[in-house]
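Here's the letter readout for the chains.
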Amino acid sequence: MGSTGKEPAERVVVEDPEHTNLLGLLMKNLAASNLANESTYERVRGMEGDIQIRAGDMVVTMRFGGGQLRIIEGEQEKPRARVQGSMPALLSVVTGGGMIGPLLSGAIKIGGNPFTLLKVLPIIQAPEGDGT
């Protein structure tokens, strides 16, 4: 209702889903759930560029553009921002455990534009009351 962007089913797309790693599939499910919410979608609808996420040996790139989020396995050139850490450290952030502690302890490292990361945080966090 009222959105001039993509329909919820078109907002998150996984490129080559048959060969995408577990991190990419998890990111897709979280992002699709969160971007079905119009206010969350409006927050990032106009974003452009890549954000690289590395959990252990798995790497995915979240590519924003045209009102859509594309999940691409692997690294892409010149992401606007990067996040890396162990899967447990990243899962802690995703499930609402907070980001400051893992950043200060070095469990999670960021690079590039930190404001871009703050803007996308609501996309990759489990919705409240989700039970995770």
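Shown above is the structure to which this text applies.
Residues numbered from 1 in each chain as written. Predicted model: local features only at pLDDT ≥ 70, side-chain atom pairs only at ≥ 80, totals over all residues. Heavy atoms only, no water.

> How do you make sense of the nonpolar core when you look at a structure like this?
One broad rule of soluble globular proteins: the nonpolar side chains tend to lie buried together. Judged by nonpolar contacts, the single largest core of 30 residues is most densely connected at Ile-51, Met-62, Phe-64, Leu-69 and Ile-123. Of all the elements, helix 5 (residues 114–124) adds the most residues to this core, at 5 residues. (Core = buried A, V, L, I, M, F, W, Y, C linked by side-chain atoms within 4.5 Å. Buried < 20%, exposed > 50% of the residue type's maximum accessible area, 1.4 Å probe, protein only. Helix = DSSP H or I, 4+ residues; strand = E, 2+ residues; numbered from the N terminus.)

> Honestly, the sheet that holds strand 4 (residues 68–73) in this entry has me stumped. Any pointers?
For sheets, the rule is that strands pair by backbone hydrogen bonds, running either parallel or antiparallel. Strand order in the open sheet formed by 6 strands is 1-4-3-2-5-6, and the pairing between neighbours is mixed. Each having just a single partner strand, strand 1 (12–14) and strand 6 (108–112) make up the two edges of the open sheet. Looking at each pair of strands side by side, their axes are set apart by 15 degrees on average, direction ignored. Of the strand pairs in this sheet, strand 5 (residues 81–85) and strand 6 are connected by 5 bridges, and their pairing is antiparallel. Bridging from a neighbouring strand, Arg-82 pairs with Gly-111 of strand 6. Contacts between helix 1 (residues 22–35) and the sheet are confined to strand 1, strand 2 (49–55), strand 3 (58–65) and strand 4, with strand 3 contributing the most and set at about 35 degrees to the helix. The sheet strands contacting helix 3 (residues 87–94) are strand 2, strand 3, strand 5 and strand 6, and the helix crosses strand 2 at an angle near 125 degrees. (Pairing = 2+ DSSP bridges. Axes fitted to C-alpha atoms, helices over the stretch in contact; angles between N-to-C directions. Contact = heavy atoms within 4.5 Å.)

> Sorry, what's going on with the packing of aromatic side chains here?
Aromatic rings in a pair are described by how distant their centres are and how their planes are angled relative to each other. Tallied over the entire structure, the rule returns 0 aromatic pairs. Here the basic side chain of Arg-11 rests over the ring of Tyr-41, its NZ or CZ set 3.8 Å away from the ring centre. (Phe/Tyr/Trp six-rings, centres within 6.5 Å; stacked < 30°, edge-to-face > 60°. Lys NZ or Arg CZ within 6 Å of the ring centre and 35° of its normal.)

> Looking at this structure, how should I read unusual backbone geometry?
Most peptide bonds take the trans form, and the phi angle of most residues other than glycine is negative. A positive phi angle, close to 55 degrees, is found at Asp-16, a residue other than glycine. Residue position: Asp-16 is located in the loop between strand 1 and helix 1. Positive phi outside glycine occurs at Lys-78, with the angle close to 50 degrees. Mapping Lys-78 onto the fold places it in the loop between strand 4 and strand 5. For Lys-78, a relative accessible area of 78% translates into the label exposed.

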